[in-house]
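# Examining the three-dimensional arrangement
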Amino acid sequence: MTAFFKSPRPGARWPRLLLALLLVCLLPLSAVRAAPADPWAPFLTPWFERVGTADGLPHSVTTAVVQDSRGLIWIGTMGGLVRYDGFRMQLFDAHGQQNELPDAYVRTLLALPDGGVLVGTNAGGLARFDPVGNRFHTYPTGIGGTSDRKIYSLAADGTRGVWIATDRGLDYLDLGRNTLTHIATGDAPAPRNFSVLQDRQGNLWLGNDRGLFVREHGSQVFVRPTTADATAAIVLHNQTWALHEDAEGRLWVGSGQTGAAYRDTDGHWRPVPGFSPSATQPNFATVRAFAEGDDGAERIGTDGNGILSYRAGDPAVRHIVHDAARPSSLPGDSVRGLLTDASGNLWAATDLGAAHTDTHARMVCSLLPSPLDSRGLADTNVHAILVDSRQRIWLGLGGGQIDLVDLHAGSIHHLQLDGVQQHRDVQAFAEMPDGSIWVGTMGLARIDPDTLAITSNVEPRLAAQPVLSMLQVDGSLLLGTYVGAYRYTPATGALDHFRHDAADPSSLASDTVREIARIDGRIWYGTTGGISVADDANANRGFRTLSQRDGDRGNLPQDYIGSITTDPDGGLWIATFGGVAHLPDSRIEGTPRFRVLGTRDGLSSEKVNALLPDAHGHVWASLSNGVSMIDRASGAVHNLGARDGLHVPSYIYIAVATAPDGAVMFGGLGGLTIVRHPRGDAPAEPVPAPSITAARIGRKAIAPGALPKRGETLRLDGDNRDMQVGFAVLDYRATLETTYSYWMEGFDQSWTEVPAGSPPSAVYTNLPHGQYTLHLRASTRGMHPVTVQSTFPVVVAPRWFETLWLRVLAVVAGALLVVAVIHLRTLYLRRQAKRLQRQIDERTRDLQEANARLDQLAGTDELTGVYNRRRFLELTQGVRELAGDGDACLAVLDLDRFKQINDGHGHLAGDAVIRAVTDIIVGQCGPNDLVGRYGGEELVICLPDCDAGQAVRAAERIRDALAATAVHYNNHTIRVTTSIGVAAIRRGESVEQWLSRADAALYEAKRCGRDRVVLASDEADVRA
C-alpha cells in the first residue's frame, strides 16, 4: 500500500488519448501489439535512477516503498527502514531498544495522514512511527494485539482505521483509539493472509492462502467471488498476494503462481492476457505489488519477471526488466514493492535496491545499446544515421556494425561488415537511385536493400581511406575523407580526387571534409578549415570559401564545420565548433552576414556538431554536452535536460536525421537520442517549492513531525544560536540537474550557492537575536527551466542579558557605577568569547573527524571492506586515462548459483561467503590492483599494467583458489565457484564500454557452464 487515503489525482483526469501517446517513452515493450500506435514502443526503455547501499540503504533487498504526507519517500529493506528526500537517508534499525523498530526486516508500509508510517515486519509485528516524537510504538501480539508477528499487508479503511493481514489471521487497528481487534474470517479462508483491501463501496477483500475472498459491505461473512471466466477463476483460487483498486474502480488481483486478473468496471472478472494460465504456460512468478500510473496503466510487480505494464482491454502485457548491460535499467527482476508518487515517478523496490523513473520525461527518449536485448543497439556510439526511401533507419556504429531499425515491423537487424572494415567505425550512408545503401567506413561497402547482403570494399582504390561524409547526386557519390574529397560513379567506375591546395584559394578549404550538403543546387563542403561552395557536383576547384575572420562577428564563428542545413523558411544553418551560424536565406553573394549563437545566447556549449529543423521549423542542435532547441519564432535557445528525458550526455558526430514519424534523431556517445514531441510552446510542468526535510537547532535534531512547513516559523532560544537546515525539492526528478541556494534575509548579504551534487543545506552558527527570513531556492534545467522558492520566518530569542528590561536597568545602574559596569562587562565578554571559541574549536574538530570518516565510508563497501562501486569506477577512470591499448584489464566476477546459498543457508551466510571470497581475491591480487564490489555477489578487479594473457592467468588463479576453498558458517561447509569475464582496455573507449565488454564475457562464461574464465571476444580473436 502506498497511501492511507486513495483518491484519483487531478492528473488522472488528463485526456487519456494524450497520455497513451506519451507513455511509450517510458516502457520497454517485449510484447508488442499487432499494430502499435507508437512505432518506437518496442525499442524504448525507462531510465531508472537507482537508490542502493552506496546511497545509504542498509540492505540491498528492498521490500516496500511509500510516500508520506510531507512528500518524503520511505523504503523498507531486509536490514532496516529509511526516510529519503532524494539526498539524505535517515536510517531506522532494530537494536532491541525501546521505541525502536522491532524488526529490521520490513515487509509492508502504510503512510498515515499525520505524517507517520505504519510498519509491518517479518518477525517483530506491527509498529507505528510517531513523527512528533521521532520514535516507534510497537503493538503487542496476541490478546489485544496482532494475530501474528509476521505482517504481510496493511490497508486503510478510508476513515480512521487500518486492516492488517498476518500469517495467522486478520486484524483491525483503530488509529483514533490506538486499539487492535481480531476479525473472524470463518472456515472458508485459511488463517494465513497475504493481502487485504477495502474498496470504495466498503467491500473488504482478503488475499488468502486459499485464494481471494470478499466480505461485502453490510455482511460479516467472507465468501469466494464467482466468475464465469475459467481462466480468471484459476487466478482467484490461487494464493492471492496482492490487491489494488485503480482510479476507475477496477480491482486487480495478483496470485502466487497463476498470474493476475482484474474485475472490470462492469463487474466481470477478466484474466490479464499473457500473464494468466494457458495450456502452454500454467505458472508465473508471484505478484508482489501493484501501482497505477497517471496514464491509467497498471504496473504489476513480480518476484522474478520484473514489472509488467498493462492497460485494461489491451491484448498483451508490456515488460520492464533488468538488463545487466544497461546501468539505467530496473536494478533487479524480483520486485517486492511499487509506488507512483505525487510527481508521477514510478518507484520499484527490488532485490538489488530501489529505483525510480520519471514517467513525465517523455519529450526525449533513448535507444540504448545492449547485447542482451534483441531490440537494443549493437554498439554504444551512433556515428551516422540514414532514413531510406522505405522509411527504414540505418545506424552506423563502431566496429563495422550497422543497425537497421524497422519501425513498421518493430525490429532491429544487426549487420556486420567484414575484412578490414569489420574494425572501423561506420561514419556515413547514402542511398542510390536503385535503392542500394552505400556505407562509408574504411573505404566503401554496399548493402542490397532487399536481401541485406553486404559487399565489402566495393572500390579498392578507396580501401585505405576512412570515409567521413557522403552525398548521392545524380547517381554519383561525393565522398569526404581526411585527404580531400572524391567523386565516385559506380556505374562507370570513374573516380575523381580533389583536395586543398595552399597555392590555390579556390580549392577545398581543408583536406578534412566532415560534411557534404546540397542546397539550392550547390554543393557545400564542410571542412575543418571552413566551407567550400561549388556551383555543381562536378566542380573540382573554383570554390567559394566561407571562413572565420578575426574580429568580425558577422562571419563564421569557427572554421571547424559540422552539419549544414536549411529551415522551412529558407534560412541557412551551420554548425561549427564556435557556435551556430545562421543566414536568413542561403544566398552567399557579396559578403554574407551571419547571426551567431553561442553560450552567451543560451547554448550550453559552442561545440556544435549537428543541426536539423523539425516539422514546426524549430532548429535542433547536438552539442558536446547535450541537445538544444532554437525556437523558430523567438530565436530563444532551450537546452534539454533529464526532466525532458535526455540521458545521452555527449555528441561528437554529425549523426542526425528525421525519423519516419517526424521525430528528430541524434547519434551520441551512448546511444540514439530521439526527440519525440517538441513542446517549445507547452507550459512547464509544476515544480514544488523546496521543503525542509531535516533540521538541527544547536545539538538537537528536530523531529520529522515538528519540521516547519512553508511559511511556518523556525525558533531558536537564547542558548542555541546554531542552526542547520536540510532541504530539497520533493519531486525526485533530475536531482543532479537541480541547483540550490539559500539566503538568510537580515543576516546574509546575498544568496549562498550549494555546490553541485551536495545535499542542499543551510548552516548558520551564533546567530544574533532578532527576526530573519530564510529563503530556500531551487532552479531546474531543461526545455522549460523553473526557479521555485520557499520562505521561513526565523526568530532568535535574546539571552537574558539581551532583554529590554535588563538594558533599562543597566542604563540606570550605569549612571552610578559606569566604571565598575564597564570593567565587569569586559570580563564577562572575554569569558563568553573564550567559551564560544572552545565551542567552535570542538565543533570544528568534530566536523573534521566526521568528514574524514565520511570520506572513508563513501569509498568503501560496508560488507567487504573493498572499494564500493562509485569509488572503484573513479579509480578505474584514472587507470584508463594512463593505460595504452591493451595495457590494462578489467575482470568481472560473479559467484555461481549464489541464490542457492542464500536460499539454503540464509542471507547472513551469503554475506559471510561474499566476505570470504573477497578476502581470497584480495590475497591473490597485487598491491596496485583495484578490487571493488559492483553489487550483490558481483565483484570487479582492475589490473593496471597487465595485458589480456596476464589477466586471464590471474583470473584463473583466483578461480582455482575459490574453488579450492570452503567457507564454514554455522557448522555448514559452503563451497563456491565463480565465473569471470576479462576485457583488456581499448584505446579511446570509456570505462562503461570497457566494463560492458567484460560483463558480456562474464555472461558468456555463465552461458558456457559457469566456473570458468572467458576473455572478451575481440581479445580472444586477437589472442588466437
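Residues numbered from 1 in each chain as written. Predicted model: local features only at pLDDT ≥ 70, side-chain atom pairs only at ≥ 80, totals over all residues. Heavy atoms only, no water.

### Observations concerning the overall build of the protein chain
The number of helices and strands found in the protein chain is 9 helices and 71 strands. Here the C-alpha atoms of the protein chain give a radius of gyration of 33 Å, agreeing with the 31 Å that 2.2 N^0.38 yields for 1024 residues. A principal-axis box enclosing the C-alpha atoms of the protein chain has dimensions of 95 × 95 × 60 Å. The proportion of buried residues among the 1024 residues of the protein chain is 56%. In the protein chain, the share of contacts with a sequence separation of at least 24, taken over all contacts with a separation of at least 6, comes to 56%. Entry remark: accessible area of the protein chain is about 43,000 Å², with carbon and sulfur atoms responsible for 50%. Here the protein chain contributes 97 positively and 113 negatively charged side chains, and the mean placements of these two sets differ by 6 Å. (Helix = DSSP H or I, 4+ residues; strand = E, 2+ residues; numbered from the N terminus. Rg over C-alpha atoms; globule rule 2.2 N^0.38 Å. Buried < 20%, exposed > 50% of the residue type's maximum accessible area, 1.4 Å probe, protein only. Contact = heavy atoms within 4.5 Å. Areas by Shrake-Rupley, 256 points an atom, 1.4 Å probe, with all protein chains shown as cover. Lys, Arg positive; Asp, Glu negative; His and termini not counted. Charge placed at Lys NZ, Arg CZ, Asp CG, Glu CD.)

### Some thoughts on the nonpolar core
In terms of nonpolar packing, the biggest core is built from 42 residues, with Met-723 and Leu-774 touching the most fellow members. Sequence-distant contacts of Leu-774, that is, excluding residues within four places in its chain, are made with Leu-714, Met-723, Val-725, Trp-743, Met-744, Tyr-764, Ser-790, Thr-791, Phe-792 and Val-794. Listed in part, the 37 residues of the second largest apolar core include Leu-863, Ile-914, Ile-920 and Val-952. (Core = buried A, V, L, I, M, F, W, Y, C linked by side-chain atoms within 4.5 Å.)

### Looking at the packing of helix H4 (residues 869-882) against helix H8 (residues 991-1007)
It is the contact of H4 with H8, at a shortest axis distance of 10 Å, that shows an interaxial angle of 100°. By the angle class used here, H4 and H8 are roughly perpendicular. Contacts between H4 and H8 involve Leu-873, Thr-876, Gln-877 and Arg-880 on the former and, on the latter, Val-991, Trp-994 and Leu-995. Grouping the amino acids of the contact of H4 with H8 by side-chain chemistry returns 4 nonpolar, 2 polar and 1 charged. (Axes fitted to C-alpha atoms, helices over the stretch in contact; angles between N-to-C directions. Parallel < 35°, antiparallel > 145°, perpendicular 65-115°, else oblique. Nonpolar A, V, L, I, M, F, W, Y, C, P; charged D, E, K, R; others polar.)

### Some thoughts on the pattern of salt bridges
All chains considered together, the criterion is met by 43 salt bridges. A salt bridge links Arg-336 to Asp-351, with the nearest nitrogen and oxygen atoms 2.9 Å apart. Here Arg-336 is found in strand S25 (residues 335-340), whereas its partner Asp-351 is found in the loop between strand S26 (345-350) and strand S27 (353-358), with 15 residues between them in sequence. Measuring nitrogen to oxygen at the nearest pair gives 2.9 Å for the salt bridge that ties Asp-731 to Arg-643. Of the two residues, Asp-731 is situated in the loop between strand S59 (723-728) and strand S60 (739-745) and Arg-643 in the loop between strand S52 (637-639) and strand S53 (656-658); the sequence distance between them amounts to 88 residues. You can call Arg-643 buried: its relative accessible area is 8%. Here the salt bridges share partners, and the residues they tie into one network are Asp-246, Arg-250, Asp-264, Asp-266 and Arg-270. (Salt bridge = Lys/Arg side-chain N within 4 Å of Asp/Glu carboxyl O.)

### Let's talk about a nonpolar patch on the surface
Taken together, the side chains of Leu-816, Leu-817 and Val-821 define a hydrophobic patch exposed on the protein surface, amounting to about 310 Å² of accessible area. In this structure Val-821 comes out as partly exposed when scored by relative accessible area, which is 36%. (Patch = residues over 30% accessible without salt bridge, like charges linked within 9 Å, V, L, I, M, F, W, Y side chains within 5 Å.)

### Description of the sheet that holds strand S19 (residues 260-263)
One open sheet holds the 4 strands; their spatial order is S17-S18-S19-S20, and the pairing between them is antiparallel. Either end of the sheet is taken by a strand with one partner, and the two such strands are strand S17 (240-245) and strand S20 (269-271). Each strand of the sheet is rotated relative to its neighbour by a mean of 20°, with strand direction disregarded. The sheet contact formed by strand S18 (residues 251-255) and S19 spans 4 bridges and is antiparallel. Bridge pairing in S19 links Val-253 to Ala-261. (Pairing = 2+ DSSP bridges.)

### Quick word on the packing of helix H6 (residues 907-924) against helix H7 (residues 948-963)
Across the interface, H6 lies against H7 with an axial gap of 10 Å and an inter-helix angle of 140°. The angle between H6 and H7 places the two elements in the oblique class. Crossing angle aside, the handedness with which H6 passes H7 is right-handed. Contacts between H6 and H7 involve Val-917, Ile-920, Ile-921 and Gln-924 on the former and, on the latter, Arg-957, Ile-958, Ala-961 and Leu-962. In the contact of H6 with H7, the residues fall into 6 nonpolar, 1 polar and 1 charged. (Left-handed = near helix turned anticlockwise from the far one by under 90°.)

### Things to note about the sheet that holds strand S47 (residues 579-583)
The sheet built from 4 strands is open, its strands ordered S45-S46-S47-S48 with antiparallel pairing. Looking at the sheet topology across the chains shown, the edges are occupied by strand S45 (561-566) and strand S48 (595-597). On average, each strand axis in the sheet is inclined to that of its neighbour by 20°, with strand direction left out of account. Taken together, the 3 bridges between S47 and S48 define a ladder with antiparallel strand orientation. The partner of Ala-581 across the bridge, within S48, is Val-596.

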